[in-house]
Amino acid sequence: MRFIVSTSTLLKHLQTVNGASSSSTVLPILENFLFEIKDGNLTISATDLQTSMTTALAVESKEEGKVAVPSKILLDTLKTLPDQPIAFNIDDTTFAIEISAGDGKYKLSGENGDDFPKIPVVENASSVNLPASVLTEAITKTIFAVSNDELRPAMTGVYCQLSPQHITFVATDAHKLVRYRRMDSKADKATSFILPKKALTLLKAALPSTDINVSVDYNATSAFFKFENINLVCRLIDERYPDYEAVIPTNNPNKLVIDRGLFLNTLRRVVIFANKTTHQVRLKINGSELNISSEDLDFANEAHERLSCQYDGEDLEIGFNARFLIEMLSNLTGDEVTLELSTPNRAGLLIPQTNDENEDVLMLVMPVMLNNSY
């Protein structure tokens, strides 16, 4: 089997799907790309058995066949080559691969393409179309709040709720929660599933900046994303998602409106002086004044800053992990945000002051207990 392709084109496609491959010691073939040639097209696949990605590109070839190619050595080689045509010669019996590029010749051992795991195909699937921009925004707004706790597998992914009215994406790690809802995207019938974090990270990296439509097919076990010449398949997390609506407080009489950039930069400074384990900051609100302070008793470090804000409610003192607030404010857009509070031991809500009419973003953060030493 022989084919010719441009180094830069091949590298771009390989880097798109490379994240799906696995450095598995149990199944070494997962460290390979599957190359399949048919009708002058090269289809490249990578998988870790949970998530699979395929992409296709046109190459010069009059033959058909398949081979598993070691991913790391091929990527490392292509990264160092200039943009030029590169020829692959594959022995159909030993799967030895010879690569010719310019004046160089490189040999490496491939494996039988038939031994590569079969990439799942869509069966009994329902389908919904989403613009790439909506999907990118939904992933960006939620993925940072996903839990890494393997003991609670449901929370290690993003919960997708489809309905005829809107589509909702939810992520939480029990300390913070994000609910991102799109009014302009709908499904024919109500359903829900949990998408794993790795698949969403790969999907976000592969989605183009042009606003194309992404076809999302899903059944009881898997979700399939198709756009341009890229296919991504992932196994869904088979768990019940916690009842997130029950956690969102509805009665929040204290409302603070503040400049998002100012609040964010103040927190970034103040957290430097906070305890390195808890990252605790204290928010003290009286009238139209917000005092943000932190201290690290071990090193006698402390910081105090005063900001002006619009505040409607009773005077309040509440503690938060500044890391969580910083993450949330960084992922929100708009000039101003509203922080809705009730009592010092109940969750606070961060909401953009000006929401796009098609999107509804709500971020929740749990408070931390304050010790009143200063």
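Each chain has its residues counted from 1, following the order in which its sequence is written. Given that this is a predicted model, residues contribute local features only at a pLDDT of at least 70 and side-chain atom pairs are listed and counted only at 80 or more, while totals for whole chains, interfaces and linings are drawn from all residues. No hydrogens and no water enter the side-chain calculation; it runs on all heavy atoms of the structure.

1. Some words on the overall build of the protein chain
So, point 1. A tally of helices and strands in the protein chain yields six helices and 26 strands.
So, point 2. Categorising residues by exposure relies on relative accessible area from a 1.4 Å probe, with only protein chains included: less than 20% of the type maximum marks a residue as buried, more than 50% marks it as exposed, and the intermediate range marks it as partly exposed. Considering the protein chain as a whole, with its 374 residues, one finds that 52% of them fall into the buried category.
So, point 3. Within the protein chain, contacts between residues at least 6 apart in sequence are counted, and of these 67% link residues at least 24 apart.
So, point 4. When the accessible surface of the protein chain is split by element, carbon and sulfur atoms take 48% of a total near 18,000 Å².
So, point 5. Side chains of the protein chain give 34 positive and 49 negative charges; the mean places of these two sets differ by 1 Å. Secondary structure is summarised from DSSP: a helix means a run of H or I of at least four residues, a strand means a run of E of at least two, and numbering begins at the N terminus for each. Whether two residues are in contact is decided by their heavy atoms: any pair within 4.5 Å suffices. Note that accessible areas follow from Shrake-Rupley with a 1.4 Å probe, and for residues the cover is restricted to the protein chains shown. Think of it this way: Lys and Arg go in the positive column, Asp and Glu in the negative one, and His and the chain ends go nowhere. Charge positions come from single atoms, namely NZ of Lys, CZ of Arg, CG of Asp or CD of Glu.

2. Concerning the domain arrangement of the protein chain
So, point 1. Residue ranges assigned to the domains are those given by an automatic or database domain assignment. Here the protein chain is partitioned into domain 1 (2-115), domain 2 (126-235) and domain 3 (254-365).
So, point 2. One C-alpha centre belongs to domain 1, the other to domain 3; they are set 49 Å apart.

3. Some words on unusual backbone geometry
So, point 1. In this structure, H279 takes a positive phi of about 55° despite not being glycine.
So, point 2. Summarising the element assignment, H279 is placed in the loop between α5 (260-270) and β19 (280-286).
So, point 3. A positive phi is found at A300, a non-glycine position, where the angle reads about 55°.
So, point 4. Note on placement: A300 falls in the loop between β20 (289-296) and β21 (301-308).

4. Description of the pattern of salt bridges
So, point 1. The rule for a salt bridge is simple: a side-chain nitrogen of Lys or Arg has to be within 4 Å of a carboxyl oxygen of Asp or Glu. Using the criterion set out here, one finds 17 salt bridges in the structure.
So, point 2. With its nearest N and O atoms 3.0 Å apart, the salt bridge here joins D217 to K226.
So, point 3. According to the relative accessible area criterion, K226 is partly exposed, its value standing at 31%.
So, point 4. With a closest N to O distance of 2.7 Å, R269 and E305 form a salt bridge. In this pair, R269 sits in helix α5 while E305 sits in strand β21, placing the two residues 36 residues apart along the sequence.
So, point 5. A residue is classified by how much of its surface remains accessible, and R269, at 40% relative accessible area, is partly exposed.
So, point 6. Taking the relative accessible area as the measure of exposure, E305 reaches 22% and is therefore partly exposed.
So, point 7. Overlapping salt bridges, with partners in common, bring together R179, R181, E245 and D360 in one network.

5. Things to note about the packing of α5 against helix α6 (residues 322-331)
Between two packed helices, what matters for the description is the angle formed by their axes and the separation of those axes.
So, point 1. Every axis in this analysis is a line fitted to C-alpha atoms, fitted for helices over the stretch in contact. Angles between the N-to-C directions lie between 0 and 180 degrees. At their nearest, the axes of α5 and α6 sit 10 Å apart, and the two run at 150° to each other. The two elements α5 and α6 meet at a crossing, and its hand is left-handed. Contacts between α5 and α6 pair R260, F263, L264, L267 and R268 from the former with A322, L325, I326, L329 and S330 from the latter.
So, point 2. Residues that form the contact of α5 with α6 fall into these classes: seven nonpolar, one polar and two charged. Crossing handedness is defined as follows: a turn of the near helix away from the far one that is anticlockwise and smaller than a right angle gives a left-handed crossing, while the clockwise case is right-handed. Think of it as three bins: nonpolar holds Ala, Val, Leu, Ile, Met, Phe, Trp, Tyr, Cys and Pro, charged holds Asp, Glu, Lys and Arg, and polar takes everything else, Gly as well.

6. Here's the deal with the pairing of β19
So, point 1. In terms of burial, β19 is largely enclosed, as five of its seven residues are buried.
So, point 2. In this structure, β19 lies alongside strand β23 (residues 316-321), joined through six bridges in antiparallel fashion. Counterpart to L283 in the pairing with β23 is I318.
So, point 3. Two strands qualify as a pair provided that DSSP identifies no fewer than 2 bridges between them. Summarising the sheet, β19 and β20 pair through five bridges and their orientation is antiparallel. Residue pairing across strands places N286 opposite E289, the latter belonging to β20.
So, point 4. Between β19 and the antiparallel strand that follows it, β20, lie two residues; G287 among them carries a positive phi value of about 60°.

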